[in-house]
Amino acid sequence: MRIGARRLDGIPTTIFTEMSALAVRTGAVNLGQGFPDRDGPPEVIASAVAALQGGANQYAPGPGIPALRQAIARHQQRHYGLDVDPDTEVVVTTGCTEGIAAALLGLVDPGDEVVVLEPYYDSYTAMIAFAGGVRRPVTLRSPDFRLDPEALRAAVGPQTRLILLNSPHNPTGTVLSRAELAAVAEVATEHDLVVVTDEVYEHLVFDDHEHVPLATLPGMWERTVTLSSAGKSYSFTGWKVGWATGPAPLVGALFAAKQWLTFTSGAPLQPAVATALDDCPDYPADLARSLQERRDRLVAGLEGVGLTPYVPQGTYFVATDISHLGWASSRDFCWALPERAGVVAVPLEVFYDDPDAPGAGRQLVRWAFCKEAGVIDEALRRLGAADLSA
Ligand code: GLN
């Protein structure tokens, strides 16, 4: 008997589940899946507890409670000067992951091509496939991981419906510059494309880099769906509260799909996230400063153990090249790493159509630094004591 539907063929268990299970099984230090080991602001947790005890336990309105939609609109205004109508241009989602699913199911027809940055987050490829779309990757190549406008142009054709963007970019740490975003805007306008942009790391940028939402570029609001969430900005990855903002027709298409996925997102966490956005506006910037220190700690330590890092401009992650160690693939390396060193990391090769293309990820590994300094130090101590060669 055939069990799984054909749409699941070729779609493996997500690498994040795989690697976190490996960490639990082996007792390794988990620098794989990106989640912080310190929770977000206590007053936000108190607000969730109060909501649970105060009766916020039945269905929230489909697009989200008004207080959260209004707080999201204020956030977009405060940080980016965007005027967003909380009643028609905001939808609360169950994490950005549901936003990605609903956007693709609501906007992509079978046979439509979706241009996506590569290395790509694995839920993008799964959801493009579920929607019946065809992915057209544009590779950010090592060592710089920049967006090549010519490669972007070459990926767009008559069947292209949508560009799926991600900046700050997981797993490379690239923060797209204004010039790169302008190139995206030009291509999208010229070919009349919709852009869905995953900006969950919007506040987690380092040094003098600046996150610019694509929707703020001239003419781009009309064709852009912006996705974000409280998970990364407020260290509540397990709450799964995200949101989509954009013009009413596009957000409406996303919502039309979302209503059949979760119907409505969890009620008691919504007032708490409104509290986070309104009452803790400085938390994300403070987190970014602390993350930058931990990035520097991990980058220096990886360098110290001979794993040359590509210094990220944002996100939770740093990538390194392992080609000098002699492994056939980053996957083999990551599967051996818990036993060799008691550490878990994520192989980048699973995020490419062709991991052997020049500058692609067969030999690249991702390490998370959204961990306490002591955890990072312990991972580095273990890596330093281990033989990492094949
Ligand atoms: N975004 C997280 C990461 O890249 C994982 C989220 C997930 O497991 N779906 O590690």
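Structural data are supplied above this passage.
Rules and cut-offs
- Residues numbered from 1 in each chain as written.
- Predicted model: local features only at pLDDT ≥ 70, side-chain atom pairs only at ≥ 80, totals over all residues.
- Heavy atoms only, no water.
- Helix = DSSP H or I, 4+ residues; strand = E, 2+ residues; numbered from the N terminus.
- Rg over C-alpha atoms; globule rule 2.2 N^0.38 Å.
- Buried < 20%, exposed > 50% of the residue type's maximum accessible area, 1.4 Å probe, protein only.
- Contact = heavy atoms within 4.5 Å.
- Areas by Shrake-Rupley, 256 points an atom, 1.4 Å probe, with all protein chains shown as cover.
- Salt bridge = Lys/Arg side-chain N within 4 Å of Asp/Glu carboxyl O.
- Core = buried A, V, L, I, M, F, W, Y, C linked by side-chain atoms within 4.5 Å.
- Pairing = 2+ DSSP bridges.
- Right-handed = clockwise from strand over helix to strand, strands pointing away.
- Axes fitted to C-alpha atoms, helices over the stretch in contact; angles between N-to-C directions.
- Parallel < 35°, antiparallel > 145°, perpendicular 65-115°, else oblique.
- Left-handed = near helix turned anticlockwise from the far one by under 90°.
- Nonpolar A, V, L, I, M, F, W, Y, C, P; charged D, E, K, R; others polar.

What should I look at first to understand the overall build of the protein chain in this one?
Of the regular secondary structure elements, the protein chain holds 13 helices and 13 strands. The C-alpha atoms of the protein chain give 20 Å as radius of gyration, which agrees with the globular expectation for 390 residues (21 Å, within 12%). Each principal axis of the C-alpha atoms in the protein chain carries an extent, and together these give about 55 × 55 × 50 Å. When each of the 390 residues of the protein chain is scored for burial, the buried share is 57%. Considering only intrachain contacts with a sequence separation of at least 6, the fraction spanning at least 24 residues in the protein chain is 75%. Accessible surface, the protein chain: about 15500 Å² in total, of which carbon and sulfur atoms supply 53%.

What should I look at first to understand the pattern of salt bridges in this one?
Should the charged atoms of two oppositely charged side chains come close, the side chains can pair. Under the defined criterion, the tally for this structure stands at 21 salt bridges. The salt bridge partner of Arg 38 is Glu 372, with a shortest N-O separation of 2.8 Å. You can see Arg 38 sitting in the loop between β1 (29-30) and α2 (42-53) and its partner Glu 372 sitting in the loop between β13 (364-368) and α13 (373-385), a full 334 residues away along the chain. Judged by relative accessible area, which is 55%, Arg 38 ranks as exposed. Salt bridges sharing partners connect three or more residues here, namely Arg 153, Glu 186 and Glu 190.

Teacher, can you tell me more about the nonpolar core here?
Within soluble globular proteins, side chains that are nonpolar tend to cluster in buried spots. Core analysis: the largest hydrophobic core is formed by 102 residues, its most contacted members being Ile 163, Phe 333 and Trp 367. When sequence neighbours within four positions are dropped, the list of residues in contact with Ile 163 reads Val 115, Leu 152, Val 184, Val 187, Ala 188, Leu 193, Val 194, Val 195 and Val 196. Counting residues in hydrophobic clusters, the runner-up holds 28 residues, among them Ala 215, Trp 221, Trp 239 and Cys 280.

What should I look at first to understand the pairing of strand β5 (residues 160-166) in this one?
Sheet faces and side chains relate simply in a regular strand, where the side chains alternate between the two faces. β5 sits mainly inside the fold: six of its seven residues count as buried. Here four bridges tie strand β3 (residues 113-118) to β5, and the two strands are oriented parallel to one another. Pairing of Val 114 across the sheet is with Leu 162, part of β5. Where β5 lies against strand β6 (residues 194-198), five bridges are found, and the strand directions are parallel. Paired with Ile 163 across the strands is Val 195, a residue of β6. Note on the crossover from β5 through helix α7 (residues 178-190) to β6: the handedness is right-handed.

Is there a simple way to think about the sheet that holds strand β4 (residues 134-139) in this case?
Sheet strands pair via backbone hydrogen bonds, and the direction of the pair is either parallel or antiparallel. Reading across from one edge, β2-β8-β7-β6-β5-β3-β4 is the order of the seven strands in this open sheet, with mixed pairing throughout. Each edge of the open sheet is held by one strand with a lone partner, namely β2 (90-93) and β4. Put simply, the sheet's adjacent strands are angled 20 degrees from each other on average, direction ignored. Two strands pair when backbone bridges link them, and β2 and strand β8 (residues 242-245) are joined in this way by four bridges, in the antiparallel orientation. Note that in β8 the partner of Val 90 across the bridge is Thr 245. This element, helix α4 (residues 95-107), spans β2, β5, β6, β7 (224-229) and β8 of the sheet and lies at about 160 degrees to β7.

Just checking my understanding: could you explain the sheet that holds strand β12 (residues 346-347) for this structure?
Within the open sheet, the four strands sit side by side as β9-β10-β13-β12. Their pairing is antiparallel. With one partner strand each, in any of the chains shown, β9 (309-310) and β12 form the two edges of the open sheet. With five bridges joining them, strand β10 (residues 317-321) and β13 adopt antiparallel strand pairing. Bridging across to β13, Asp 321 finds its partner in Leu 364. Together, β9, β10 and β13 form the strand contacts of helix α11 (residues 283-304), whose direction differs from that of β10 by roughly 15 degrees. Lying on the sheet, helix α12 (residues 330-341) is in contact with β12 and β13; it crosses β13 at an angle near 45 degrees.

I would appreciate a short explanation of the packing of α4 against helix α9 (residues 248-261) in the present structure.
For any two helices packed against each other, one specifies the inter-axial angle together with the distance between the axes. The contact between α4 and α9 brings their axes to 7 Å, and the two run at 110 degrees. Between α4 and α9, the crossing angle belongs to the class labelled roughly perpendicular. Once α4 is placed against α9, the crossing between them reads as right-handed. Here Glu 98, Gly 99, Ala 101, Ala 102, Ala 103, Leu 105, Gly 106 and Leu 107 of α4 come into contact with α9, specifically with Leu 250, Ala 253, Leu 254, Ala 257, Lys 258 and Leu 261. Residues of the contact of α4 with α9, tallied by class, amount to 10 nonpolar, two polar and two charged.

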